[in-house]
Every structure is written in C-alpha cells, then in structure tokens.
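# Residue-level structural notes
As a plain string of letters, each chain reads:
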Amino acid sequence: MSAPAASLTPTASVEIPPQLVRCAAVLGAGTMGSRIAAHLANAGIPVLLLDLVSEGADSQNSAAKSRLAIGALEMLAKSKPAAFYDASFVSRITPGNFDDDLPKLAECDWVIEAVAENLAIKHALLARVAPHLAPHALLTTNTSGLPISRISEILSSGTKKKFFGTHFFNPPRYMRLLEIIPTPQTNPALVAAFAAFADRILGKQTVYANDTPNFIANRVGVAVMSTAAALMLEQELTIEEVDALTGPAIGWPRTGTFRLADMVGIDVLAHVAANFPQGAGSDSNGSGLAQVVQELVRRGWLGDKAGQGFYKKSRAKDGSEERFALDLKTLEYRPLAKASISALDMAKSAATVGERLRLLLANDPAKDKAARFLWPLLSTLWNFAADRIGEAANDAPSIDAAMRAGFNWELGPFEMWDTAGVKETVARMKALNLPVNPAAEELLRSENTRWYASDGPQCFNPVTARWEPIPVQPGHARVADFRRTHGIVRGNSGCSLVDLGDGIGCIELHSLKNALGTDVTGFIGSVLSADSDAVRDFSGFVISGDREHFSVGANLMQLLLAAQEGEWDELGGAIRAFQRMTSAIKFCPRPVVAAPFGMTLGGGAEICLHAARRQPHAETYIGLVEAGVGLIPAGGGTKEMLLRSMDTAAALVPPDPKEPPARFAQSAELQAALKRSLETIAMAKVSTSAADARSLNLFALSDRITLNRERLLLDAKAQVQAIAEAGYAAPIPRTQIAAPGLGALSTLETGIYLMGEAGYASEHDQKVARWAAYILSGGRITAGTLVSEQYLLDLELEAFLSLCGERKTQERIAFTLKTGKPLRN
C-alpha cells in the first residue's frame, strides 16, 4: 500500500476564530505560574496573579497578604533569561491572594490553575474557585503529568465542559510547546477556539495530547534521558560524553541530557519520572537514573537553581570560575573534561542533521564509541515513540511536533527515523539484536519505507494501518512550502526569489548562517531595482528565510581577506554594493517588508532599517554590532540612525519652517536622540526581543510583532498586500537634511572621552565611537548645513575603510571569526 499523491497548499485551510481572552488569571505564583503570567503579559493580556496569603501577614494589609505574588513579580523582573519582552510589561500583572481576590475571577475569560503538583491541593483550590467563574470562562490546569480527569473530579458537569489541561513548558516565553489535554466531558468547540488563541496570540505550537501520564513530550523525553543514563553506566561513559552524543550531532540542543536536567531542575525531573506508569514498558532502562535522581534530590543538588546538580560551578581562590562534573558511580565531583569522540568531530563537517546522523550510524558499534551508544539509544527512542501512537498521542506528527517544540529537537523521532532510513535501520537493528517495534514492521509490510509521504502532507498510522493526511495549520507556512508549490523565480547560493502567490515575492536568505556576501547584495539590489522584471511582475516583497537566524551580518571572512591584502578598491566596491542594496530596498517602487527572526545583526539589521515596514518575530535579537569588530555600520545603518534621531526629535518638537535649519539641528531633543543612537551603535547593543528593539529605535511602534514563528511569513505577506492595496508611494531620497554639525559632534565626543577616562571604552573603542559620532553629526560642518543621504553614505564609506586599515580592527575580525565572540582591545 503506497502513499497516494498529494499537494501542499499553505493557505488553503480556513482558520477557526480564536477564543476571546480580554483578561486572565493565574492561580499560583511559583516559578511556573509566575512565568505563565509573564508570557500572557507579553501577549498584551492583563493578568491577575494570585497565591496563598503570606504566613503571619497583617490581615488589614493587602500588600502584606499578597506578598507571595508580589515577591514573584520582583523575581520575574530579575530573572535570567528575561521573562518579559519589555521590562515595563510587568505592569500588566496585578498581584493578589486567594483569600481576598477570588471574586475578581468573575472578570476573567480564562483562569489557569498552576499550584503544586498535588491532587489534594488542586482539588481544594478548584472547589474554592469554581463559584467565582464567569459563565463563559475557561478553566484549565497546568500540570506536567497528573491525570486531567482526576483533577476535574470535583467540578460540576457544567464546569467540566470548559475544563481541560494546558501544559506549558518552562520557561513559557521561550519554549514553544503547549500541550492541550481535553477530557471526554470537554466541549470540543471551546478547545478548538482556545487552541487558535494559543497559536495566534500566545505564539504556541499547540499539540493535542491524550490524558496519559506525562502526556507526550515529557513521556518521550524523560524516557530517552533514562535510556541515555543507563547506557552511560553500562558503557562507562562520562556525562560530558553523553551530553556531546545527545546534542547538536543528532539535532538536539547543546544542553544534551544532563545539562538539560540541571536547567529544568532535578526535582522536576524526579516528579515527572514518578508519574510513569509502572509495568507499562515506559522506562525499561530508567532504574539507574531514578536512583541517582532521588539521591540528588535528597542532597539538595537540584541543578542550576541550587548551584549544583550533574554539573557544578564554583570560584577558585583567584576568583576564576571552576567547573565540575558529577561521577555517577561515586557521586563525587571532578574537574570538567571536554568530550573527545572522533566520530563526532568527523560528523561536524556534515551540513545537515540527516547527514550527520547517517554518518554516525554507519560506523561499527564494536569499534566506534558513538555508534555503540547511538544505536541502542535511537532504537529505544524509535520503538518507544511508536508505542505512544494511539496511547499518548493519536498520530506520529503530534509526537514529532511535541518533541521539536518541547525539547527543541531539530527533528522529531519519526522524522529522524525517516532521515536515517526506516528500512536500513530496521535491518541493522535486527543484525545488532535490538528489538524492532511491530509498527515499523507494519510500515515496511505496506511496501513503504518512510513514515512521512515524500510527495505530500501524509503520515502512516500503524493503528489504522493507513496513510492519513496531516492537517495544515491555517496561517502557518515556511518559504520551503512555497518553493515546493510555486517554485523559485531565480536565485543563487546566497538567496532566492520565491513566488508567495497573490502577487507577492519573497527574497529568501539562505547562505551559510545567512551571512551577507556579494552574492546576496548583488541579488537583492538587482531584484528590487526600479527597472527589474521582478518589480514589474510583483506588487510587493518580503525579505525573510527559514533558517534559525535572519542574518548574522556581513561575510567577515571576505572583509578580513580584502583588508589584510590591502584591496581597498575591492573593499570600497563591496561597501558601495551593500549601500546600493539597502537603497534599493528603501526606494523600491514596490513595498518591501522585512520579516526578521532570531539573530538579526549588522547588515541584517541594516536590511530591516531600510524596509518600508518590519514584521519581526517576537524573539528577534537585532543590533548594529559592527563596533564589536572595530567597524561602524556602513550599509546605510548609521545614516538611518541619524534620520531616525531627527524624526524622533521632530515628533517631540516639530521644526518651525520659518526658523533657520540650525535651530532644530542644535535642539536639546535632537541632541538627546543622537546620544541614544550613538550608544546603540558604539556599544553594539542587541535587543532582547522585538519589543525591546523599539526602545533602541531599530523597530517602530507601527511595526507589528508576530509571536508565532510559523505565522511570520504569512503575516509579513499580509502586511505587504495591505500596503500595496492602500496605494504605495516609495520615499524620495532626502537631499535637505539639516546636519547636527560641529556642536553635536563636540558633545558626543566629550561623552566618548569621559567613557574612556572611566575605563568603559578602550582606545580603539573610542576611535570607532568617534567615527560613528562623526557620521551622526554629518561631519565637521556648521550646524544646519543641508546634506543628502548620499553624502552620509559617503561618510560611512570613509569611516569604514579607515577602520578596516587598523591593525586592531583586523585582530578583532579574526578573533570573532575564530571564537564567535567580540574582542575588546
């Protein structure tokens, strides 16, 4: 039985209207509850955060009685990583307590219970809460594994219809997964509307899980961790070696197994492990880990929050940091040792996780340490995941989605199995005397060798022994989807022009790490030039991509080689090409919307600054970071920061057309705005979120933010369409810019000098900052002198070439290429 042909149309389905949530309440201000509240605040939802009355509190002092919730907010403000997109969002949360504030629940559309993982405690609280709920309000429980049906036992039949499980992963801002666990009594329409809300408003990857212990992601993830620990003890490996073997080499996070346990909390891991059903084959290899975990909990070695767990950090007598790893046999710490596994070193050269996986599994387990560990680990994972179909989840795609979003795996178990080759791995598993799940045998008997159909969104379900369509989530799409269905108009090794349909084109960045070399600058410049075929054929453009990051900036290797060889004409030509690219973006006759995500650095930020509008993902970390390698933004970035400073000042105090230009150029408002722009450039500031980028003047308040990464492309497309349909007129290059001039430059240079005197800036830092100040001031000219955008671009080029000739700049670039970090010299 082969898979029938199918096609993918990313925009074909009809979206379900999301649940209306105007106000929410979180019951329980512990680590999880408070961070859920923070993420709701990130989404713009006012939140009531309640907890127990503080012990011994004055009954007449409401603040004292709500001290637990207030203290949780204070901790959130200091948490690392940051819980809020913007620190001011804490004002959207109102703290309170269970004794005084339960009547306020009547104003809430959604109430989330997130108290201790104890059935009796949850029952007692829900009994108090139920009478105060609004008739339309949803009531959900955040539990990592307790049975939802047991939690709902004390609720009335009417409340049960609006009750279900919502399992967030910690920290909720960063972890995309939200498992939704309905009961047989839950109203399916309410669950669907809530899932649409969580997807669109909270930015979550929603996965429906069945009401089984630990649901999907924790069930699979902890079982894998248990297997890894058992194999480590059996094969006498170190925890560093296991973390290396269960990290990026196979498409899993750098945290591996034991570093992840420390981050999550070993007490949390112990609780999740305790929920596994006994005798159900859930954890055949977990007894060794369970005993170790119980002992660590007994000792209080709970991971990062306790300062030690499987790993430990401490300070030596000289103040330097020392790192240690736990020996699981002796439960004593020893100095951290870097894992040295030759197969992993060889696999690093592979471009994709699929290639790395096949390379590692091709080795002989009898001779190779990596293969000896990975074959039993992955075969156990694949067998265990296959057993969960029809139990914890209804299908394989749900399990894959849960592991990608909940544990940040690049591929889910079944996607990994397909990549490694189901037929080939099953044969090898048999040869190694490893068990093979009957579901895999059923798949192969159906004359197929993949779980997922290669020609469309379908997956084999061993429960029904049939190919079943994978629902396409409305509003979700990646550029790859349109490459398959609409094709590539043109492209090169660095980027491509892809037809998104409806008259919108997408310039997809796809070079290594999305670095911006001459292939990218030349391509974008030609596509967006006023007389290009693309401008004639499309009504607007999106600039985005499918990689982990939007762009890490310019290709530093090309810059370094040219600078070291004194190829100044070549360097100047490259900068001019970059400037032509950003000018083409800004002055394109069609609207261009940049849709950045992840790291958006240097030249990537300059692309965004020149777009007609930006549609960033919430987790966009943008910055003009050139100062970190001893340079200044020369692709129009410094020029745009001057123009933004002037626009910001003009919005506060509009210039009087009757006054001479020098009056505005010397205004206090402009001086303050220039100071902030200089700090952004000279200190290489990077935003902690898209919302934070607004405070750096890198994004505008009019730039809409998308919380769900899977929605980013179509959100950006919709924005381009709206701009085009409203009648877009491209801006005209500015030629009457009243330069801030010598007065502003003197003020900025004084600040730079004081930073150096205070020890905050090295001599080279000051040199870079002075060049940035020089451009922001329009050069050493009289205040109010009228200059053009091209004049400012010429200043950028002058500064860039001068700094490229500096030995310390070249040292910084070389250091960054080697380490990925800036050098302060």
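Before reading on, note that the structure itself is shown above.
Our subject in this report is the structure included herewith. In this text the structure is predicted, and so the values were computed from the model without any measurement.

The next thing to look at is unusual backbone geometry. Here Lys-80 and Pro-81 are connected by a cis peptide whose omega angle stands at -5°. Following the sequence through the fold, Pro-81 ends up in the loop between α3 (67-78) and β3 (93-97). The step from Asn-170 to Pro-171 runs through a cis peptide bond, and the omega angle for that step is 0°. Phi at Glu-447 takes a positive value of approximately 65°, unusual for a residue other than glycine. Counting through the fold element by element, Glu-447 comes out in the loop between α19 (438-445) and β12 (458-461). In the Ramachandran plot, Asn-697 falls in the positive-phi region, its phi being about 65° despite a non-glycine side chain. Mapping Asn-697 onto the fold places it in the loop between α29 (690-695) and α30 (712-725). For Asn-697, a relative accessible area of 23% corresponds to the partly exposed category.

This part takes up empty space enclosed by the protein. Taken as a whole and assessed by the stated rule, the structure comprises one cavity of 30 Å³ or more. Considering only enclosed or pocket space, the largest cavity measures out at about 100 Å³ in volume. Looking at the largest cavity, the residues that line it are Gly-221, Val-224, Met-225, Thr-246, Trp-252, Pro-253, Thr-255, Gly-256, Thr-257, Leu-260, Phe-407 and Trp-409. Considering each element in turn, the lining of the largest cavity owes the most residues, three residues, to helix α8 (residues 217-235).

Our next topic: the packing of aromatic side chains. The description of two aromatic rings rests on the distance between their centres and on the angle between their planes. The final tally for this structure, using the stated rule, is 16 aromatic pairs. Between the aromatic rings of Trp-252 and Trp-409, the centroid separation amounts to 4.1 Å while the plane-to-plane angle is 10°, which identifies the pairing as stacked. One end of the pair, Trp-252, is in the loop between α9 (239-245) and α10 (258-264); the other, Trp-409, is in the loop between α16 (396-407) and α17 (413-420), and 157 residues separate them in sequence. Taken individually, Trp-252 and Trp-409 each receive the classification buried, so the pair is uniform in this respect. Ring-pair connections join several aromatic residues into one group, and the members of that group are Trp-382, Phe-414, Trp-417, Trp-451, Phe-460 and Trp-467. Positioned over the ring face of Trp-301 is Arg-299, at 4.9 Å from the centre of the ring. Above the plane of the ring of Phe-597 lies Arg-709, whose end atom (NZ or CZ) is 3.9 Å from the centre.

On to the sheet that holds strand β16 (residues 504-509). Read from one edge of the open sheet, six strands run β14-β15-β16-β18-β20-β22, paired in mixed fashion. Among the strands making up the open sheet, the edge pair consists of β14 (488-491) and β22 (613-614). Direction of pairing for strand β15 (residues 495-499) relative to β16: antiparallel, over a ladder of five bridges. When the sheet's bridge partners are listed, Leu-497 is paired in β16 with Ile-507.

Here the focus is the nonpolar core. In this structure, Phe-310 and Trp-451 are the most contacted members of the largest nonpolar core, which totals 113 residues. Take this core: its biggest share by element is twelve residues, from helix α15 (residues 369-388). Beyond its immediate sequence surroundings of up to four residues, Trp-451 is in contact with Phe-414, Trp-417, Asp-418, Val-422, Ala-439, Ala-440, Leu-443, Gln-458, Cys-459, Phe-460, Pro-462 and Trp-467. Residues Phe-523, Phe-578, Ala-584 and Leu-714 belong to the second largest nonpolar core, which totals 98 residues.

The subject of this paragraph is the environment of Asp-368. Mapped onto the elements, Asp-368 comes out in the loop between α14 (353-361) and α15. For Asp-368, a relative accessible area of 12% puts it in the buried group. Note: C-alpha distance between Asp-368 and Ser-342 (26 residues apart in sequence) is 8.8 Å. For Asp-368, the contacting residues outside a window of four places in its chain are Ala-343 and Asn-363. Within the structure, the side chain of Asp-368 is placed 3.1 Å from the backbone nitrogen of Ala-370, a separation counted as a polar contact.

With that settled, the discussion passes to the packing of helix α24 (residues 568-587) against helix α33 (residues 789-804). If you want to describe how two helices pack, look at the angle between their axes and the distance between the axes. Running from N to C, α24 and α33 point in directions that differ by 145°, and their axes come no closer than 10 Å. Our pair here, α24 against α33, has a crossing hand that is right-handed. Where α24 abuts α33, its residues Trp-568, Leu-571, Gly-572, Ile-575, Arg-576, Gln-579, Ser-583, Lys-586 and Phe-587 lie against Glu-789, Gln-790, Leu-793, Asp-794, Glu-796, Leu-797, Phe-800, Leu-801 and Cys-804. Residues that form the contact of α24 with α33 fall into these classes: nine nonpolar, four polar and five charged.

Before going further, it helps to examine a nonpolar patch on the surface. Judged by side-chain polarity, Met-263, Val-264 and Val-268 come together as a nonpolar surface patch covering roughly 230 Å² of accessible area. Looking at the secondary structure, you find Val-264 in helix α10.

This part takes up the sheet that holds strand β4 (residues 110-113). For sheets, the rule is that strands pair by backbone hydrogen bonds, running either parallel or antiparallel. Across the sheet, which stays open at both edges, the eight strands sit in the order β3-β2-β1-β4-β5-β6-β7-β8 with mixed pairing between neighbours. Two strands in the sheet have a free side with no partner beyond their single neighbour: β3 and β8 (205-208). Neighbour to neighbour, the strand axes of the sheet diverge by 25° on average, direction disregarded. Across four bridges, the pairing between strand β7 (residues 177-182) and β8 is parallel. Counterpart to Leu-178 in the pairing with β8 is Thr-206. The strands touched by helix α1 (residues 31-42) are β1 (24-27), β2 (47-51), β3, β4 and β6 (163-168); relative to β2, the strand with the most contacts, the crossing angle is about 170°. Most of the contacts of α16 go to β8, to which it runs at about 140°, and overall it touches β7 and β8.

Next up on the list: the pattern of salt bridges. Enumeration according to the criterion identifies 46 salt bridges in this entry. When the shortest N-O distance is used, the salt bridge between Asp-345 and Lys-348 registers 3.8 Å. On the accessibility criterion, Lys-348 (62% relative accessible area) is exposed. The residue Asp-647 makes a salt bridge to Arg-734 at a minimum N-O spacing of 3.5 Å. A residue pair is termed long-range when its members are at least 10 positions apart, and Asp-647 in helix α26 (residues 637-652) and Arg-734 in the loop between α30 and β24 (737-738) qualify at 87 residues. With a relative accessible area of 31%, Arg-734 lands in the partly exposed category. Taken together, the shared-partner salt bridges connect Lys-586, Lys-639, Glu-640 and Glu-789 into one network.

So, about α26. Along its 16 residues, α26 runs 23 Å from first to last C-alpha, staying within 8% of the 22 Å computed at 1.5 Å per residue. Taken residue by residue, α26 has Gly-637, Thr-638, Lys-639, Glu-640, Met-641, Leu-642, Leu-643, Arg-644, Ser-645, Met-646 and Ala-649 as its buried positions.

Attention now moves to a negative patch on the surface. Taken together, the side chains of Glu-565, Glu-567, Asp-569 and Glu-570 make up a negatively charged region of the molecular surface. Following the sequence through the fold, Glu-570 ends up in helix α24.

So, about the side chain of Lys-717. For Lys-717, the position within the fold is in helix α30. Of note is the side chain of Lys-717, whose polar atom sits 2.7 Å from the side chain of Asp-502. What Lys-717 contacts, discounting residues up to four positions off in sequence, is Leu-500, Gly-501, Asp-502, Ile-504 and Val-542.

Rules behind the numbers
- Residues numbered from 1 in each chain as written.
- Predicted model: local features only at pLDDT ≥ 70, side-chain atom pairs only at ≥ 80, totals over all residues.
- Heavy atoms only, no water.
- Helix = DSSP H or I, 4+ residues; strand = E, 2+ residues; numbered from the N terminus.
- Buried < 20%, exposed > 50% of the residue type's maximum accessible area, 1.4 Å probe, protein only.
- 1 Å grid on protein atoms, 1.4 Å probe; cavity = no way out; pocket = protein on both sides within 12 Å on 5 of 7 lines; lining within 4 Å.
- Points joined across faces, edges and corners; volume = space filled by probe spheres on them.
- Phe/Tyr/Trp six-rings, centres within 6.5 Å; stacked < 30°, edge-to-face > 60°.
- Lys NZ or Arg CZ within 6 Å of the ring centre and 35° of its normal.
- Pairing = 2+ DSSP bridges.
- Core = buried A, V, L, I, M, F, W, Y, C linked by side-chain atoms within 4.5 Å.
- Contact = heavy atoms within 4.5 Å.
- Polar contact = N/O pair within 3.5 Å; in protein donor to acceptor, adjacent residues only side chain to side chain.
- Axes fitted to C-alpha atoms, helices over the stretch in contact; angles between N-to-C directions.
- Left-handed = near helix turned anticlockwise from the far one by under 90°.
- Nonpolar A, V, L, I, M, F, W, Y, C, P; charged D, E, K, R; others polar.
- Patch = residues over 30% accessible without salt bridge, like charges linked within 9 Å, V, L, I, M, F, W, Y side chains within 5 Å.
- Areas by Shrake-Rupley, 256 points an atom, 1.4 Å probe, with all protein chains shown as cover.
- Salt bridge = Lys/Arg side-chain N within 4 Å of Asp/Glu carboxyl O.
- Expected span 1.5 Å × (residues − 1).
- Lys, Arg positive; Asp, Glu negative; His and termini not counted.
- Charge placed at Lys NZ, Arg CZ, Asp CG, Glu CD.

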